[in-house]
Amino acid sequence: MAEAGSFADKVKQQADIVRVVGEYVRLKKTGKDFSGLCPFHQEKTPSFTVSPIKQIFYCFGCGKGGDVYNFVMDMEKCEFPEAVKVVAEKCGIAIPRQKERSPEERKENQQRSVLVEMHREAQTFFVKQLEGTPEGKAARAYLEDRGLDKEAIARFGIGYAPSGGDSLLRHLKPKYSEKLLVDSGLVSRDQSAGRLFDRFRRRITFPISNESGKIVAFGARALGDDMPKYMNSPETPIYSKSNVLYHMDRAKDALRRQDFAILVEGYMDAIAVARAGISNVVATCGTSLAEPQIKLLGRFTRRVIVNYDPDTAGQAATERSLSLLLEHDFEVRVLALPPVGDKKADPDLFIREKGVEEYTKLLKKAPPYVAYLIERAKKLGVETAESKVKAVNFLLPYVQKIPNGIMRSEWATRIAQQLRIDEPLLRSALSKAAKERRGEITTRPELIGRAAKPVERRLIRMLAEAQGFRQELAKHLQDAHLYHGLETEKIFAALVIASLSGQPLQATEVGAVLEERDRRLFFEILFEEANEPTWEEAMSCIEALQHRQAEKELADVQRSIEANPAAPELRGLLEKKQELMRRLAAAR
């Protein structure tokens, strides 16, 4: 990368890789080299080595290696030119002045510098209004009611825009032209009268900083009933809402350190989570997550827990965000907070009412996005074939956006299990939709609905007709809960109850307690051609169900392991996994 004789080459020659890496990793001298715990993967025994003689690093655990620039690019998630600049600054090497810019470029840079300065002044103004005016006193009372004390208000730079309409304008006007005032987004112009006025009036203000910590915009919450309740700065030469995440300037170190981000909707949610001691939180400030924001996030981590508000808008925003995050190959989990009393709980309300420990506990148990979306799909109903088609079509766009083929295959298995759909049929329908680039499956509902496996059909027939042993068979099925979760669960439940009663079984009576779809399937099975049932065959069918149950348990345990539980829970899950694998191996 660094051409001979270039500035990058000179920096590389002068840089001490041990010194640079040592700012990120605790290194210990081991012979002529240095070693430490690898910053790129989790390990307990050091396998990361830095050679001061060769000026390279290498991890024998994960295989990462290279020169000082490769290391900085990976750690800072930046491109090569930025890495050169970072290394030069760390080593005290003067960076040469860039070539002369055009007059237009110089003018644009100067304007951006002035706009940043204006926002710094506006921030000072808003803070003073909150601290020292009667209106500000009312705003402070509101903030205190929301659980924000003096320290929190100062920490997050919260201020107040007075109701007068031109207070900030009068404060800034002596120093800046009308054009700059309007370009800043802090001041608006009345289109009919042409007069200038403050954009933010009678609102609590939240400074929005870019990732380097410079204030580039404001978010503002109405103190009274003014609408909209929340208002942000407009797009300006220094602010584009799709490029900025609230709290990123404070969160980036924690994102690198913990290697996951909590994504929330608004300022108050981000502040509540950060105050709880969870620094790796960022907010989209009420806007949809955009691709530039995802790329910004990806510089620090590729693991995200989405914790949006539980209302309809929040659910829609969660689903839109999931689509984009999946396209960019992020590992995503979703935290849907339970209600607090009769109120739907956002992170701010939940932490205030239930406390940090309860929030942290739920955060650790946040399920993978697959589980979240399947639960959402289930709410569309999975009792009929038609509703199953709707549920699959809800999930299909997410499946199609997953770039990883193995993950798409895992999706198909989980959807089939959870929605009780025949897996080969579902895979065929999904494959056909993908080939034809359709956003929905067109499989006939009656085919989707027929998911009763041959083993289930045979056991149902035995329970209905095997007079010699159907009572004992029913007891086996009930004691081991073998029919729970099956597509045919309701048919089995009715037959087991009838069989255990000791009374002669009447097919019409069993059918009478079933819903239409189950009743049709039950009578269809009764009219199938079949051999005379035997106890040996019954036991073989039970073993098949036990095997299937163990496979499902194993998949559930594996998903729980992937959710990164605490150490004691993880140990139990790993033991359970080994036991299930032994049971499955023995049955083969």
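That block above? That's the structure.
Residues numbered from 1 in each chain as written. Predicted model: local features only at pLDDT ≥ 70, side-chain atom pairs only at ≥ 80, totals over all residues. Heavy atoms only, no water.

### With respect to the pattern of salt bridges
Per the stated rule, a full pass over the model turns up 24 salt bridges. When the shortest N-O distance is used, the salt bridge between Lys295 and Glu291 registers 3.7 Å. Taken as a pair, Lys295 and Glu291 lie in helix 12 (residues 291–298) at a separation of 4 residues, close to a single helical turn. With a closest N to O distance of 2.7 Å, Glu456 and Arg548 form a salt bridge. Of the two residues, Glu456 sits in helix 21 (residues 454–465) while Arg548 sits in helix 26 (residues 535–562), which places them 92 residues apart along the sequence. Overall, Arg548 belongs to the partly exposed group, its relative accessible area being 26%. One network of salt bridges, in which partners are shared, links Arg146, Asp348 and Arg352. (Salt bridge = Lys/Arg side-chain N within 4 Å of Asp/Glu carboxyl O. Helix = DSSP H or I, 4+ residues; strand = E, 2+ residues; numbered from the N terminus. Buried < 20%, exposed > 50% of the residue type's maximum accessible area, 1.4 Å probe, protein only.)

### A word on the sheet that holds strand 15 (residues 331–334)
The 4 strands are arranged 13-12-14-15 in an open sheet whose pairing can be described as parallel. Whereas interior strands pair on both sides, the edge strands pair on one side only; in this sheet they are strand 13 (281–283) and strand 15. Sheet twist, expressed as the average angle between the axes of neighbouring strands with direction ignored, equals 30 degrees. (Pairing = 2+ DSSP bridges. Axes fitted to C-alpha atoms, helices over the stretch in contact; angles between N-to-C directions.)

### Re helix 12
Taken together, the buried positions of helix 12 are Gln293, Ile294, Leu296, Leu297 and Gly298. Against the buried residues of helix 12 lie helix 10 (248–258), strand 12 (261–264), strand 13, strand 14 (303–306) and helix 13 (312–327). (Contact = heavy atoms within 4.5 Å.)

### A look at helix 4 (residues 80–90)
Within the sequence span of helix 4, burial applies to Phe80, Ala83, Val84, Val86, Val87 and Ala88. The secondary structure elements touched by the buried residues of helix 4 are helix 1 (7–14) and helix 3 (68–76). Directly after helix 4, the chain includes Gly92, whose backbone phi takes a positive value near 70 degrees.

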